[in-house]
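# Fold and geometry: a report
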Amino acid sequence: MKHGKILIADDDKAIATGLGAVLGDAGYDVDVAEDGQRALDQLRTHTYGVVLADLEMPKIDGITLLKSMRELQIPTEFVMITGKGSTELAIEAIRQGAADYIEKPLNSDRLAKLKAQIPKLLEQYKVQQKNRELTSRLESLTRYADMLGQSEPMRGVYAVIEAVAPSTASVLVLGESGTGKELVARALHTKSERAKGPFFALNCAALPKEILENELFGHEKGAFTGSTNEKQGAFELASGGTLFLDELAEMPPDIQVKLLRALETRSVRRLGGKKEIPVDIRVVGATNKDLQKALADNELREDLYYRLAVVELVLPPLRERGEDVQLLANEFLTRFAAQNNKPIEGFEDEAWDWILKYHWPGNVRELKNAVERAVIMARGAKITAANIIPRHLQTTGEIPQTMTIELGSTVADARRQLVLRTFASTGGDAARTSRMLGMSSREVEHDLLAIVRGAVGASAGAAGAAGGDVDEGEDGEDGAVAPAARATAAPARGARKAAPARPAAKKAAGKTTRKSR
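Let us look at the structure shown here. (Residues numbered from 1 in each chain as written. Predicted model: local features only at pLDDT ≥ 70, side-chain atom pairs only at ≥ 80, totals over all residues. Heavy atoms only, no water.)

### Section: the side chain of Ser 170
Locating Ser 170 in the fold gives a position in the loop between helix 6 (152-164) and strand 8 (171-174). Since its relative accessible area comes to 4%, Ser 170 is described here as buried. Apart from residues lying up to four places away in sequence, Ser 170 is in contact with Val 283, Arg 307, Leu 308, Val 310 and Val 311. (Helix = DSSP H or I, 4+ residues; strand = E, 2+ residues; numbered from the N terminus. Buried < 20%, exposed > 50% of the residue type's maximum accessible area, 1.4 Å probe, protein only. Contact = heavy atoms within 4.5 Å.)

Listed below in structure tokens is the structure:
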């Protein structure tokens, strides 16, 4: 059996059977469809190298079949079988992408020509198929929809989108600010059957409560002072498509209740209205908050979370996408150099050194803004370190440095040293420290408090060994510490106020005495 399957679509059984027998004797695997609709159904479920289709067939004619194949991106080579007087339609088929046409009656000369042409068509199909597969693999390495990245974490994101997009399930996207959550939502939309419908994005943190409710659900004429016309809300505007709700956890609780009802009933009621308006939408939500903390603090309703998070997609921060930083930087450089009409060739080595070592707490958005600024400020053919490093980092000297950990140090010691170094490099900003290290604010504060308490204990121990006194005062065992310890224990910006030294710290300092009153 020769490689490649052939589908014959013709309602004339004599022609279909005879042509099938000729090609079958030539060694080809041949299937026959009695009309255009059956041919299209078979093309959807089976792979064919060549289709031979009659121009005039019941249900779906040859031209319509060809157009449907192209709309469905079925790459099979197409040959039209026409009767006498159908030359214009045959030429139209060529315009629509047919490889050739053959006229009836199928005499020996025409059949010989067809038999000679089919191997070429099958080879052409095979080459194009390989090119499509190669192009697809290359695209998957660097780009997916509007997202750019070839790192393993991003390939995982692409795989989830590919699996979820065709479904109707709601999706909750989790990730830090600047990681590209809206791009994920757009990819879910464009890869779905709703791609031809609208995509509507709404930032829940950017609007006051009253305006947010109006934007979501709309209002009727006369619903409030100044409402002279009715207005559709986001649910209605996105009907037939996708509604993206960014910063969902910032939404007031009472609006979350209304949102939950709209999701469950697939209908909305405008402000001031009485009529339930049906909507057909898919909702994609997103938040940059610690999800468990948001649920525990009642910032996000648990029932709304379970309704939205049918699928939970976690978008990695840029610091976990080391392979993508250079790719993204080059992409942004090409884009902004073209926009600003600047013939910039690339980055100097020192600039690359900083780009690849920096932690990028603002993620892709920070990198994008840094490259755009560098392009604008550049005066030469390449971006310099001075162009790319923000001024506040140049003045504070915040360029990541190596950190040496002595052999034999515990993991806890290494972690505390890393937290302390990073905390110092941010000028005492605990929130920024947590973003840079990929830790929660609570974890950073806990480690800082442990460091402070350790310093307090060491200072108290030193005072006790020198014969100093510890005045417990009216607070009993949790009294005041020596002045030097007070200075050490003063809380840095962004950290919680340190608790006074516990009794264990005082016992470690040796014997203490109480002042008589």
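### Considerations on the pairing of strand 3 (residues 50-54)
When you tally the buried positions in strand 3, you get five out of five residues, the bulk of the element. What you see with strand 3 is no split at all: Val 50, Leu 52 and Asp 54 on one side and Val 51 and Ala 53 on the other are buried throughout. In terms of strand pairing, strand 1 (residues 5-9) meets strand 3 through four bridges, oriented parallel. Bridge pairing in strand 3 places Leu 7 opposite Val 51. Bridge analysis of strand 3 against strand 4 (residues 77-82) gives five bridges, and the strand direction is parallel. Bridged to Asp 54 within strand 4 is Ile 81. Once you follow strand 3 into helix 3 (residues 62-71) and on to strand 4, the crossover reads as right-handed. (Pairing = 2+ DSSP bridges. Right-handed = clockwise from strand over helix to strand, strands pointing away.)

### Looking at the pattern of salt bridges
Two side chains of opposite charge can pair, provided their charged atoms sit close to one another. Summed over the entire model, instances satisfying the criterion amount to 30 salt bridges. Of the charged contacts, one joins Glu 123 and Lys 126 as a salt bridge, the two residues approaching to 3.5 Å between their closest N and O atoms. In this pair, Glu 123 and Lys 126 both sit in helix 5 (residues 108-142), three residues apart, roughly one turn of the helix. Look at Glu 123 and you get partly exposed, because its relative accessible area is 41%. (Salt bridge = Lys/Arg side-chain N within 4 Å of Asp/Glu carboxyl O.)

### So, the packing of aromatic side chains
The tally for this structure, following the rule as stated, stands at nine aromatic pairs. Here Phe 199 and Phe 244 contribute two aromatic rings whose centre-to-centre distance is 6.4 Å and whose plane-to-plane angle is 20 degrees, an arrangement assigned as stacked. With Phe 199 in strand 9 (residues 199-203) and Phe 244 in strand 10 (residues 242-246), this pair connects stretches of sequence that are 45 residues apart. Among the residues examined, Phe 244 registers a relative accessible area of 0% and is labelled buried. A centroid spacing of 4.7 Å and a plane angle of 80 degrees characterise the contact between Tyr 358 and Trp 360, whose relative ring orientation is edge-to-face. Side by side, Tyr 358 and Trp 360 carry an identical accessibility label, which is buried. (Phe/Tyr/Trp six-rings, centres within 6.5 Å; stacked < 30°, edge-to-face > 60°.)

### Remarks on the sheet that holds strand 2 (residues 29-33)
Pairing is parallel in the open sheet, where five strands are placed in the order 2-1-3-4-5. Looking at strand neighbours, the two that pair on one side only are strand 2 and strand 5 (100-103), the edges of this open sheet. Neighbour-to-neighbour, the strand axes of the sheet open up by a mean angle of 20 degrees, direction not taken into account. The sheet contacts of helix 1 (residues 13-25) involve strand 1, strand 2, strand 3 and strand 4, and relative to strand 1 the element is tilted by about 165 degrees. Running over the sheet, helix 4 (residues 87-95) touches strand 4 and strand 5 and is turned about 160 degrees from strand 5. (Axes fitted to C-alpha atoms, helices over the stretch in contact; angles between N-to-C directions.)

### Regarding unusual backbone geometry
Between Lys 104 and the following residue, Pro 105, the backbone shows a cis peptide bond with an omega angle of 0 degrees. Along the chain, Pro 105 turns up in the loop between strand 5 and helix 5. Positive phi, close to 60 degrees, is recorded for Asn 298, a residue that is not glycine. Counting through the fold element by element, Asn 298 comes out in the loop between helix 11 (291-296) and helix 12 (302-308). A relative accessible area of 62% places Asn 298 in the exposed class.

### Details of the nonpolar core
For soluble globular proteins, nonpolar side chains are generally found buried alongside one another. Leu 216, Phe 235 and Leu 245 are the most contacted members of the largest nonpolar core, which has 32 residues in total. Of all the secondary-structure elements, those providing two or more residues to this core are strand 8, helix 8 (209-217), helix 9 (234-237), strand 10, helix 10 (253-265), helix 11 and helix 12. By residue number, the principal contributor to this core is helix 10, which donates five residues. What Leu 245 contacts, discounting residues up to four positions off in sequence, is Leu 202, Cys 204, Leu 216, Leu 259, Val 283, Val 284, Gly 285 and Ala 286. (Core = buried A, V, L, I, M, F, W, Y, C linked by side-chain atoms within 4.5 Å.)

### Observations concerning the sheet that holds strand 10
The sheet built from five strands is open, its strands ordered 9-10-13-8-14 with parallel pairing. Each edge of the sheet is formed by a strand with only one pairing partner; in this case those strands are strand 9 and strand 14 (311-314). Direction aside, the axes of adjacent strands within the sheet are offset by 20 degrees on average. Two strands pair when backbone bridges link them, and strand 9 and strand 10 are joined in this way by five bridges, in the parallel orientation. By the bridge assignment for strand 10, Phe 199 is matched with Thr 242. Packed on one face of the sheet, helix 6 meets strand 8, strand 13 (282-287) and strand 14 and runs near 155 degrees to strand 14.

### Notes on the environment of Phe 217
As for its placement among the helices and strands, Phe 217 is situated in helix 8. Between the alpha carbons of Phe 217 and Val 268 there is a distance of 6.4 Å; along the sequence they are 51 residues apart. Among all residues touching Phe 217, those that are not within four sequence positions of it are Gly 233, Phe 235, Glu 236, Ile 255, Lys 258, Leu 259, Ala 262, Val 268, Arg 269 and Arg 270.

### Side note on the packing of helix 13 (residues 322-339) against helix 15 (residues 363-377)
The N-to-C vectors of helix 13 and helix 15 enclose an angle of 45 degrees; their axes lie 9 Å apart at closest approach. With respect to helix 15, the axis of helix 13 lies oblique. Considering only the axes of helix 13 and helix 15, their crossing is right-handed. Residue-level inspection shows Val 325, Leu 328, Ala 329, Phe 332, Leu 333, Arg 335, Phe 336 and Ala 337 of helix 13 in contact with helix 15, the latter providing Val 364, Leu 367, Lys 368, Val 371, Glu 372 and Val 375. (Parallel < 35°, antiparallel > 145°, perpendicular 65-115°, else oblique. Left-handed = near helix turned anticlockwise from the far one by under 90°.)

### A few points about the layout of surface pockets
Estimated volume of the largest pocket: approximately 900 Å³. In terms of lining, the largest pocket is formed by 29 residues, of which the most central are Asn 288, Lys 289, Asp 290, Met 439 and Ser 440. Secondary structure elements with two or more residues in the lining of the largest pocket: helix 11, helix 19 (430-437) and helix 20 (441-465). A class-by-class count of the residues in the lining of the largest pocket yields ten nonpolar, nine polar and ten charged. Roughly 560 Å³ of volume is contained in the second largest pocket. As for the second largest pocket, its lining consists of 24 residues, and the residues nearest its centre are Gly 178, Thr 179, Gly 180, Leu 183 and Val 364. Here the lining of the second largest pocket is composed, by residue class, of seven nonpolar, five polar and twelve charged. (1 Å grid on protein atoms, 1.4 Å probe; cavity = no way out; pocket = protein on both sides within 12 Å on 5 of 7 lines; lining within 4 Å. Points joined across faces, edges and corners; volume = space filled by probe spheres on them. Nonpolar A, V, L, I, M, F, W, Y, C, P; charged D, E, K, R; others polar.)

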